[in-house]
Amino acid sequence: MALKVIHDPHELQAYTLSLFREGKTVGFVPTMGYLHEGHLSLFRCARRENDVVVASIFVNPTQFGPGEDFERYPRDPQGDKEKAESEGVDVLFMPRAEDLYPLDFQTFVEVERLTRGLCGAFRPGHFRGVTTVVTKLLMLAFPTRAYFGRKDFQQWRVIEQMVRDLHLPVEIVSCPIVREPDGLAMSSRNVYLSPEERQSALSLYRSLRKAEALFREGETRPQVYEQAIRTILESAPHLKKIDYIAIVDGLTLEPVDRVERGTLIALAAHVGPARLIDNWWVGVDSLDLPS
Ligand code: AMP
């Protein structure tokens, strides 16, 4: 089936409801576009598990705070269409902001406890924007399954919670982080980095590798991990600010007393003009790449 591009929300909804009535399974991948291998890995996963694959490209204004990078967020609609088509995506939904947020729009979805820490503490209103747009997109794409990358680990957990709390009829599937050959987590925002800044950005991955090495040595004290990670990050020349080094339970996202299988080590830091995040899920992910 050739790629079908839909801009109108009602057209998408009419189409996916007809698929539902025919008993077809739909896999849905929401993205902000400027597609890279991380996104494509989600498309492939959705392709394997569903009859029809729907992806969306929408740079959602409500999840950006004042002074964040909404205006300069990279966009490449033509390149995105080509990549989606070559991965076997059936429908690409590219709505206009005014169609998702008409002037009288006034309804928001908010998840409470899980959004207080990590990125929620540094980006007020961010998750409210994410959960609102994802709810809207789920109501339009009406998928059997929706796919999220663990690059945005907290986002995945928050959406899982929201789907459970609101009884939304969709299965949430998470997929592992896709990295560049040198370990840098793929991100549309990596395009902001100069070659020197990109070298500094590798310190996030290196510090997570260090954490993995500590775990293999049997270290369990969170403060030892925190200090080792901080030392590596602070020695990177273009690293401007660490937002957080979080050592938390992978389900509740609450701080832990002991690092063990299921603990999440999550980082956010500003490198040059980019705010970057990365994480390692202890005992689940392997960081087995060249350092
Ligand atoms: P974004 O376009 O950045 O909003 O991301 C759309 C989806 O792709 C989210 O579920 C992200 O977690 C996922 N994603 C982004 N980068 C990666 C990556 N490097 N590996 C795996 N998933 C990713």
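We now turn to the structure provided with this report. Each residue is numbered by its place in its chain's sequence as written, counting from 1. The model is predicted, so local features are restricted to residues of pLDDT at least 70 and side-chain atom pairs to those at 80 or more, both for listing and for counting; the totals for chains, interfaces and linings are taken over all residues. The side-chain quantities take in all heavy atoms of the structure and omit both hydrogens and water.

### Examining the pattern of salt bridges
Item 1. Just to be clear on terms, a salt bridge is a Lys or Arg side-chain nitrogen sitting within 4 Å of an Asp or Glu carboxyl oxygen. The tally for this structure, following the rule as stated, stands at 21 salt bridges.
Item 2. Among the salt bridges present, the one from Glu37 reaches Arg44, with a minimum N-O distance of 3.2 Å.
Item 3. In this structure, Arg44 engages Glu87 in a salt bridge whose closest nitrogen and oxygen atoms are separated by 3.0 Å. In this pair, Arg44 sits in helix H2 (residues 37–49) while Glu87 sits in the loop between helix H3 (77–86) and strand E4 (91–93), placing the two residues 43 residues apart along the sequence.
Item 4. For every residue, the accessible area obtained with a 1.4 Å probe (protein chains only) is divided by the maximum for its type, and the residue is called buried under 20%, exposed over 50%, and partly exposed between those limits. Judged by relative accessible area, Arg44 falls into the partly exposed class, the value being 30%.
Item 5. Here Glu87 falls in the buried class, since its relative accessible area comes to 18%.
Item 6. The structure contains a network of salt bridges with shared partners spanning Glu37, Arg44 and Glu87. Labels follow the DSSP assignment, with helices taken as runs of H or I lasting at least four residues and strands as runs of E lasting at least two, numbered in each case from the N terminus.

### A look at the site of the ligand
Item 1. For each residue, the test is whether any non-hydrogen atom lies within 4 Å of the molecule or strand; if one does, the residue is near. Lining the immediate environment of the ligand, one finds 17 residues, of which Met32, His39, Asp152, Val178 and Met186 sit closest.
Item 2. Here a polar contact means two N or O atoms within 3.5 Å. Within protein one must be a hydrogen donor candidate and the other an acceptor candidate, and residues neighboring in sequence count only if both atoms are side-chain atoms. Note that an oxygen atom of the ligand is positioned 2.8 Å from one of the side-chain N or O atoms of His39.
Item 3. Contacts to the ligand include Asp152, whose side-chain N or O atom sits 2.6 Å from an oxygen atom.
Item 4. Those elements that provide at least two residues to the shell around the ligand are strand E2 (26–31), H2 and strand E5 (145–149).
Item 5. The element best represented in the shell around the ligand is H2, accounting for three residues.

### Considering the packing of helix H6 (residues 126–141) against helix H7 (residues 153–165)
Item 1. Axis definition: a line fitted to C-alpha atoms, over the contacting stretch in the case of helices. Angles run 0 to 180 degrees between N-to-C directions. As a packed pair, H6 and H7 sit with axes 11 Å apart at the nearest point and diverge in direction by 55°. Taken together, H6 and H7 sit at an angle that is classed as oblique. For H6 against H7, the interelement crossing comes out right-handed. Of the residues in H7, those in contact with Phe127, Val130, Thr131, Val134, Thr135 and Leu138 of H6 are Gln154, Gln155, Val158, Ile159, Met162 and Val163.
Item 2. Of the residues assigned to the contact of H6 with H7, the class counts are eight nonpolar, four polar and no charged. For classification, angles of less than 35 degrees are called roughly parallel, those exceeding 145 degrees roughly antiparallel, those between 65 and 115 degrees roughly perpendicular, and all remaining angles oblique. What makes a crossing left-handed is the near helix being turned counterclockwise from the far one by less than a right angle; a clockwise turn instead makes it right-handed. The contact definition used throughout considers only heavy atoms, calling two residues in contact when any of these lie within 4.5 Å. Under the scheme applied, nonpolar residues are Ala, Val, Leu, Ile, Met, Phe, Trp, Tyr, Cys and Pro; charged residues are Asp, Glu, Lys and Arg; polar residues are all the others, including Gly.

### Quick notes on the side chain of Asp80
Item 1. Among the secondary structure elements, Asp80 is positioned in helix H3.
Item 2. By the counting scheme adopted, Arg and Lys are positive, Glu and Asp are negative, and His together with the chain ends is not counted. Although Asp80 lies buried, it forms no salt bridge, and the closest oppositely charged side chain, Lys83, sits 4.9 Å away as judged by the N-O distance.
Item 3. Reaching out from Asp80, the side chain makes a polar contact with the backbone nitrogen of Leu35 at a distance of 2.9 Å.
Item 4. For Asp80, the residues in contact, after removing those within four places along its chain, are Gly33, Tyr34, Leu35, Ile57 and Leu92.

### Here's the deal with the pairing of strand E6 (residues 171–175)
Item 1. Strands are labelled as partners when DSSP assigns at least two bridges between them. As judged from the five bridges shared by E5 and E6, these two strands associate in the parallel manner. When the bridges of E6 are listed, Gly149 appears paired with Cys175.
Item 2. Convention used here: a crossover is right-handed provided that the path from the first strand, over the helix, to the second strand proceeds clockwise when the strands point away from the viewer. As a crossover connection, the stretch from E5 through H7 into E6 is right-handed.

### Remarks on H3
Item 1. All buried positions along H3 are accounted for by Gly79, Asp80 and Ala84. The buried side chains of H3 occupy one side of the element, clustering within an arc of 130° when seen end-on.
Item 2. Looking at the buried positions of H3, the neighbouring elements they touch are H2, strand E3 (52–57) and E4.
Item 3. Positive phi shows up at Gly88, right after H3, with a value of about 80°. To be clear, the arc concerns the directions from the helix axis to the C-beta atoms.

### Notes on the sheet that holds E3
Item 1. Read from one edge to the other, the open sheet built from six strands follows the order E1-E4-E3-E2-E5-E6, with strand pairing classed as parallel. The open sheet is flanked by strand E1 (4–6) and E6, the only strands paired with a single partner. Within the sheet, the average angular offset between the axes of one strand and its neighbour, ignoring direction, is 25°.
Item 2. Both E1 and E4 contribute to a ladder of three bridges, which runs parallel. Considered in E4, the bridge of Lys4 is made with Val91.
Item 3. In this fold H2 packs onto E2, E3, E5 and E6, with an angle of close to 155° to the strand it touches most, E5.

### Section: the packing of aromatic side chains
Item 1. Stacked, tilted and edge-to-face pairs are distinguished by plane angle, under 30 degrees for stacked and over 60 for edge-to-face with tilted covering the rest, among Phe, Tyr and Trp rings (Trp via its six-membered ring) whose centres lie within 6.5 Å. Applying the stated criterion across every chain, the model contains eleven aromatic pairs.
Item 2. For the ring pair Phe215 and Trp280, a centre distance of 6.1 Å and an interplane angle of 75° mean the geometry is edge-to-face. Placement of Phe215 in helix H8 (residues 195–216) and of Trp280 in strand E9 (residues 274–281) is noted, with a sequence separation of 65 residues between them.
Item 3. A relative accessible area of 28% places Phe215 in the partly exposed class.
Item 4. On the basis of relative accessibility, which here comes to 1%, the residue Trp280 falls in the buried class.
Item 5. In textbook terms, an aromatic cluster arises when at least three aromatic residues are bridged by ring pairs, as seen for Phe58, Tyr101, Phe105 and Phe108.
Item 6. For a ring to carry a charge above it, either NZ of a lysine or CZ of an arginine must fall within 6 Å of the ring centroid while also lying within 35 degrees of the normal to the ring plane. The ring centre of Phe70 lies 5.3 Å from the NZ or CZ of Arg75, which sits over that ring.
Item 7. Across from the ring centre of Trp156, 5.9 Å away, lies the NZ or CZ of Arg157, which sits over that ring.

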